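Each chain, letter by letter, is given below.
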Amino acid sequence: AQSVTQPDIHITVSEGASLELRCNYSYGATPYLFWYVQSPGQGLQLLLKYFSGDTLVQGIKGFEAEFKRSQSSFNLRKPSVHWSDAAEYFCAVGVLDTGNQFYFGTGTSLTVIP
Amino acid sequence: NAGVMQNPRHLVRRRGQEARLRCSPMKGHSHVYWYRQLPEEGLKFMVYLQKENIIDESGMPKERFSAEFPKEGPSILRIQQVVRGDSAAYFCASSPPRGGSQTQYFGPGTRLLVL
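Residues numbered from 1 in each chain as written. Chains lettered and ligands numbered in written order. Predicted model: local features only at pLDDT ≥ 70, side-chain atom pairs only at ≥ 80, totals over all residues. Heavy atoms only, no water.

### Some remarks on the overall build of chain B
Working step 1: Within chain B one finds zero helices and eleven strands.
Working step 2: Starting at the N terminus and walking to the C terminus, you meet the elements of chain B as β-β-β-β-β-β-β-β-β-β-β.
Working step 3: By the compact-globule yardstick of 13 Å for 115 residues, chain B fits well, its C-alpha radius of gyration being 13 Å.
Working step 4: Dimensions along the principal axes, computed over C-alpha positions, put chain B at roughly 40 × 25 × 25 Å.
Working step 5: Burial statistics for chain B: of 115 residues in total, 47% are counted as buried.
Working step 6: Once local pairs closer than 6 in sequence are excluded, the contacts in chain B between residues at least 24 apart make up 54%.
Working step 7: Counting only carbon and sulfur atoms, one obtains 49% of the accessible surface of chain B, whose full area is about 5700 Å².
Working step 8: Across chain B, the mean location of the 17 positive side-chain charges is 6 Å away from that of the 10 negative side-chain charges. (Helix = DSSP H or I, 4+ residues; strand = E, 2+ residues; numbered from the N terminus. Rg over C-alpha atoms; globule rule 2.2 N^0.38 Å. Buried < 20%, exposed > 50% of the residue type's maximum accessible area, 1.4 Å probe, protein only. Contact = heavy atoms within 4.5 Å. Areas by Shrake-Rupley, 256 points an atom, 1.4 Å probe, with all protein chains shown as cover. Lys, Arg positive; Asp, Glu negative; His and termini not counted. Charge placed at Lys NZ, Arg CZ, Asp CG, Glu CD.)

### Comments concerning the state of the cysteines
Working step 1: The tally for this structure, following the rule as stated, stands at two disulfides over all chains.
Working step 2: The disulfide partner of C23(A) is C91(A), and the S-S distance across this bridge is 2.0 Å. Here the disulfide of C23(A) and C91(A) is left-handed, its torsion about the S-S bond being about -65 degrees. Placement of the pair is C23(A) in the loop between β3 (19-21) and β4 (24-26) and C91(A) in strand β10 (residues 87-95), with a sequence separation of 68 residues.
Working step 3: C91(A) sits in the buried class, given a relative accessible area of 0%.
Working step 4: What pairs with C23(B) in a disulfide is C92(B), and their sulfur atoms sit 1.7 Å apart. When the S-S torsion is -55 degrees, as for the bridge of C23(B) with C92(B), the disulfide is left-handed. Placement of C23(B) in strand β3 (residues 19-24) and of C92(B) in strand β9 (residues 88-95) is noted, with a sequence separation of 69 residues between them. (Disulfide = S-S within 2.5 Å.)

### Examining the sheet that holds strand β7 (residues 65-68) of chain B
Residue and element names in this part refer to chain B.
Working step 1: One open sheet holds the four strands; their spatial order is β1-β3-β8-β7, and the pairing between them is antiparallel. At either end of the open sheet lies a strand with only one pairing partner, and these are β1 (5-7) and β7. The average undirected angle you get between the axes of adjacent strands in this sheet is 15 degrees. (Pairing = 2+ DSSP bridges. Axes fitted to C-alpha atoms, helices over the stretch in contact; angles between N-to-C directions.)

### Topic: the environment of F106(B)
Working step 1: Note that F106(B) resides in strand β10 (residues 105-106).
Working step 2: In this structure the C-alpha to C-alpha distance between F106(B) and C92(B), which are 14 residues apart in sequence, comes to 5.8 Å.
Working step 3: Discounting residues that sit within four places of it in the chain, F106(B) has contacts with Y36(A), L44(A), F104(A), V4(B), Y35(B), L43(B), F91(B), C92(B) and A93(B).

### Observations concerning the interface of chain B and chain A
Working step 1: With 23 residues of chain B at the interface, the matching set in chain A holds 21 residues.
Working step 2: A buried area of about 1700 Å², summed over both sides, lies between chain B and chain A, and 51% of it is on carbon and sulfur atoms.
Working step 3: Linking chain B to chain A there are six residue pairs in polar contact (both at pLDDT 80 or more).
Working step 4: Looking at the side of chain B that touches chain A, the elements that each hand over two or more residues are β4 (31-37), β5 (43-50), β9 and β10 of chain B.
Working step 5: Grouping the amino acids of the side of chain B that touches chain A by side-chain chemistry returns nine nonpolar, nine polar and five charged. (Buried area = accessible area lost by both parts, 1.4 Å probe. Polar contact = N/O pair within 3.5 Å; in protein donor to acceptor, adjacent residues only side chain to side chain. Nonpolar A, V, L, I, M, F, W, Y, C, P; charged D, E, K, R; others polar.)

Given below as structure tokens:
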């Protein structure tokens, strides 16, 4: 069965520091991979996605993610975090053969300290 | 191009009442998905619809929950005889017709509180 694991429930970083949020998935084929960000009380905003091709993908707000097939990972990175990046981050796997439903991780809550 | 619209944004119901949640997909999108987010959890898939068709309802509870996406108008998620455990945020997403991007674009959600 497909699954998505975000091992870090909560991460705290200082403003200006680098950030890496981990995501591991379980799926038999190459999935579609996504990162979404959710601010409190808001919906989900798409940060970036991977379908195929270059394994390093660039997203909005200075985020990037790297797909590593050998590790079944799709970690999100940002070189310098801004206070406005504080939010909940969700990794998701899209699986076409089950009707394109998405499987979400449980999320990582990011706190940014001045 | 307006995004995915959901209303109401907040809904309060007493136990036993009905809740109706509406979702209007992005223009040009013909696929609609409903997800539920319980507190401190990720989103869980409920149902996938196209116009007038339910494609996958494997995530829907067997009782009290139903969804539709009529030829005209928004998609509706209906919860009958709500219970406290139904309190959650319900998100709708839409995507273009198959063959294009499979990206799902999410609405702002409806926060349901059952008293």
